[in-house]
Amino acid sequence: MAKGTAALSFLTSVGYHETNHSAENGEAGHMRARRSGAQRRRMAHVLVDRFGPAVWHAVIERMGRTPEAEDAFIERMLDVWNRLGRHADWARIREQVARSLAAAGFSASVETAAGEAVPESLEMSESGDEALQETGLPEEPLPDLPGGLRNRALQRLRAQIAYEEAEARRLGSRSARVSALGLAAAGLALVGYGWWGDETQKADQSANARRASSQPISSGELPVKVQGVFDITRQSVDLGHLAFGGGELVTGSLSLGAQGDGIQLSAYPLEGLNFLTRPRWTSNIAISAPQPEGGSSWLLRSWSLSSAGSWAVIAVYWTESGIHGTASEADIYAVPFSGGTSSLLARVDAGQSGEVVIATGAGGIAWQVESERAGERVTSPVHWAPIVALAGRASLGPTVSLDVNGLIRNPHLTTAGLLCQGTSADPAPAGTWVCIAPTGQEIVYEGVPGDTDGAVVEGEEGAVYALAPVSVSGGETLEMSALHAAGDRAPAFRLDVPVAAWGADGGYVDYVENAGGRTYLVVARAE
């Protein structure tokens, strides 16, 4: 596999610089309010959309339309952002763009290419009709700036914003974190009041136990927001089959019976303290083995539950090589997170002694098969397709095929591309991930050092994090690190308590924490 080192839209540890409001620039003593994350994300759009074409023109004038030019463009966008600083002196943005270009040896007329001034609406409200859109590509390509390159630059800037906010919390927001956890605890107490009201004595005992124990809603330094906590002390929960989406936790359970086999899904709201007892909706997916041929018999090898945008995806793996054989056929189903009937998306057949690998996320699925031909193992391209709704049912949209060398290992789908830890023919070094873009471009990133079987989660701000267990006193805990280019530095964030189990799905992290003699399932969203 080709291994590039170009910059991508993931979080790196490039530091930021405060704008120097001194007498030299005519603003001595002028204090600017620190801008919110929402304001700064809108400003990132202004930087790329208003000034990007001029910078791109300057770059390609010297470097041509090459991949290296695209990397240089993103580096200039990030450099300008860092020059502007957290207080964002946007009155001097043209000067900062010109300085950044000059520092890199480029030249361009920023005044005429950048267009009109920054609108005053960006200095005011957090939302409303005047707020710029923050996601997706424009409906029409921007003049002189390729849409795909614009998207990469915006993702990179969002990732930088996420990094800066995380660093601010980590280094200077300990008291704010304690206050937030206190408010979260109060909110959870109010949510659970109805249940506790029926059992006042038990509630008092539980409250006393919790006050004497660790806070069961701990996220430590992890760049996440706790969405829900489930008390699973006296419940049997299949922690290996959870999915998250639409403000819900979806659990899955396998049922094998004389009347037929199936997988039962149950959805529970992510809102404060809850119990897995009263699902908002349920759905049953009937499953059946492939038709036997030539005297063979099929066995259920395994099954998985995960998310892909607004869909819960169930993959059922079958084998005809015995229960310890590889999965040579997979049936893939989808159920909307709003509830409803299931749809069979695809039936992937690798043939006898073959193997199927499936990845989900970012509103679609990817799959690859390895089969045996004339005594040799042959792998197919990776097929990647979005899930679309058609006449009230789910189906696959147009498929993109990506050629790779070998069977992908530990794959995950994100908006930036397919992330995996290399392939069977070309495994990635421990702690590294390979991002394969829809165009086929491959770039190698570093995550949690030494990780060989972790996961990735995509934050709400556009950053992508590697997640892996690490050993601590008392057992294991979780460590997160933003994916970053080789040689760059990125901070590592840790949960501050041991966990009994953990998982990841899409943009969510879940872990089991014991506190006060009780067991909690904590669900958090990556920021």
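In what follows, the structure referred to is the one given above.
K.L.:
Explanation requested: the overall build of the protein chain in the structure shown.
P.N.:
Secondary structure assignment for the protein chain yields eight helices and 28 strands. When the 527 residues of the protein chain are sorted by exposure, 51% land in the buried category. Entry remark: accessible area of the protein chain is about 23700 Å², with carbon and sulfur atoms responsible for 50%.

K.L.:
Quick question: what am I supposed to make of the nonpolar core here?
P.N.:
Side chains of nonpolar character tend, in soluble globular proteins, to be buried together. Among the nonpolar cores identified, the biggest contains 29 residues, and Leu47, Phe73 and Val97 are the most heavily contacted of them. If you list the elements that add at least two residues to this core, you get α1 (37–63), α2 (67–84), α3 (93–103) and α5 (147–172). With residues near it in sequence (within four places) discarded, Phe73 still touches Gly52, Val55, Trp56, Val59, Leu145, Leu149 and Ala153. With 20 residues, the next largest nonpolar core counts Leu345, Val356, Trp367 and Ile387 among its residues.

K.L.:
I'm lost on the pattern of salt bridges in this one. Help?
P.N.:
Throughout the structure, instances matching the rule amount to ten salt bridges. A salt bridge links Arg347 to Glu329, with the nearest nitrogen and oxygen atoms 3.6 Å apart. Of the two residues, Arg347 sits in strand β10 (residues 343–349) while Glu329 sits in strand β9 (residues 329–336), which places them 18 residues apart along the sequence. On the basis of relative accessible area, Arg347 is assigned to the partly exposed category, the value being 46%. A relative accessible area of 5% means that Glu329 is categorised as buried. When salt bridges that share partners are traced, they join Arg76, Asp79 and Arg83 into one network.

K.L.:
Hey, could you run me through the sheet that holds strand β19 (residues 432–436) in this one?
P.N.:
Taken in spatial order, the five strands line up as β17-β18-β19-β20-β24 in an open sheet, and their pairing is antiparallel. In this open sheet, the two strands that pair with only one neighbour each are β17 (412–413) and β24 (484–485). Examined bridge by bridge, strand β20 (residues 442–446) and β24 share two bridges and lie antiparallel to one another. Bridge pairing in β24 places Glu446 opposite His484.

K.L.:
Got a minute to help me understand unusual backbone geometry in this structure?
P.N.:
Leaving glycine aside, a negative phi is the common case for residues, and trans is the common case for peptide bonds. Despite not being glycine, Ala362 shows a phi value in the positive range, around 50°. The topology assignment puts Ala362 in the loop between β11 (355–361) and β12 (364–373). Positive phi outside glycine occurs at Asn410, with the angle close to 50°. The residue Asn410 is located in the loop between β16 (400–402) and β17 in this model. Taking the relative accessible area as the measure of exposure, Asn410 reaches 22% and is therefore partly exposed.

K.L.:
What should I look at first to understand the sheet that holds strand β25 (residues 492–494) in this one?
P.N.:
Adjacent strands of a sheet form backbone hydrogen bonds with each other and so pair up, either parallel or antiparallel. Taking strand neighbours across the sheet as the criterion, the four strands line up as β21-β22-β23-β25 in an open arrangement whose pairing is antiparallel. With partners counted over all chains shown, the strands left at the sheet margins are β21 (455–458) and β25, one partner each. On average, each strand axis in the sheet is tilted by 35° relative to the strand beside it, whichever way the strands run. With four bridges connecting them, β21 and strand β22 (residues 464–472) associate as antiparallel partners. Each bridged residue has a counterpart across the sheet, and for Glu458 the counterpart in β22 is Val464.

K.L.:
Help me understand the side chain of Ser266 in this model?
P.N.:
In this structure, Ser266 sits in strand β4 (residues 260–269). Those residues in contact with Ser266, other than ones at most four positions away along the chain, are Leu249, Val250, Thr251, Pro279, Trp281 and Thr282.

K.L.:
How do you make sense of the side chain of Ser283 when you look at a structure like this?
P.N.:
Of note, Ser283 is situated in strand β6 (residues 281–287). A distance of 3.1 Å separates a polar side-chain atom of Ser283 from the backbone oxygen of Gly340. If sequence neighbours within four positions are ignored, Ser283 has contacts with Ile263, Gln264, Leu265, Val335 and Gly340.

K.L.:
Just checking my understanding: could you explain α2 for this structure?
P.N.:
Helical periodicity: at 3.6 residues per turn, an α-helix aligns residues three or four positions apart in one direction. Here α2 contains 18 residues, and its C-alpha end-to-end distance of 26 Å stays within 8% of the 26 Å for a straight helix at 1.5 Å per residue. Along α2, the positions that sit buried rather than exposed are Ala69, Asp71, Ala72, Phe73, Ile74, Arg76, Met77, Leu78, Val80, Trp81, Asn82 and Leu84. The first or second residue beyond α2 is Gly85, which carries a positive phi of 75°.

K.L.:
I would appreciate a short explanation of the pairing of strand β27 (residues 508–515) in the present structure.
P.N.:
Looking along a regular strand, one sees side chains alternate from face to face of the sheet. Extensive coverage of β27 is indicated by the burial of seven of its eight residues. Strand direction decides the pairing type here: strand β26 (residues 501–505) and β27, joined by five bridges, are antiparallel. Paired with Asp505 across the bridge in β27 is Tyr508. Between the end of β26 and the start of β27, which pair antiparallel, lie two residues, with Gly506 showing a positive phi angle near 60°. One ladder, built from eight bridges, connects β27 with strand β28 (residues 518–526); its direction is antiparallel.

Thresholds applied
- Residues numbered from 1 in each chain as written.
- Predicted model: local features only at pLDDT ≥ 70, side-chain atom pairs only at ≥ 80, totals over all residues.
- Heavy atoms only, no water.
- Helix = DSSP H or I, 4+ residues; strand = E, 2+ residues; numbered from the N terminus.
- Buried < 20%, exposed > 50% of the residue type's maximum accessible area, 1.4 Å probe, protein only.
- Areas by Shrake-Rupley, 256 points an atom, 1.4 Å probe, with all protein chains shown as cover.
- Core = buried A, V, L, I, M, F, W, Y, C linked by side-chain atoms within 4.5 Å.
- Contact = heavy atoms within 4.5 Å.
- Salt bridge = Lys/Arg side-chain N within 4 Å of Asp/Glu carboxyl O.
- Pairing = 2+ DSSP bridges.
- Axes fitted to C-alpha atoms, helices over the stretch in contact; angles between N-to-C directions.
- Polar contact = N/O pair within 3.5 Å; in protein donor to acceptor, adjacent residues only side chain to side chain.
- Expected span 1.5 Å × (residues − 1).

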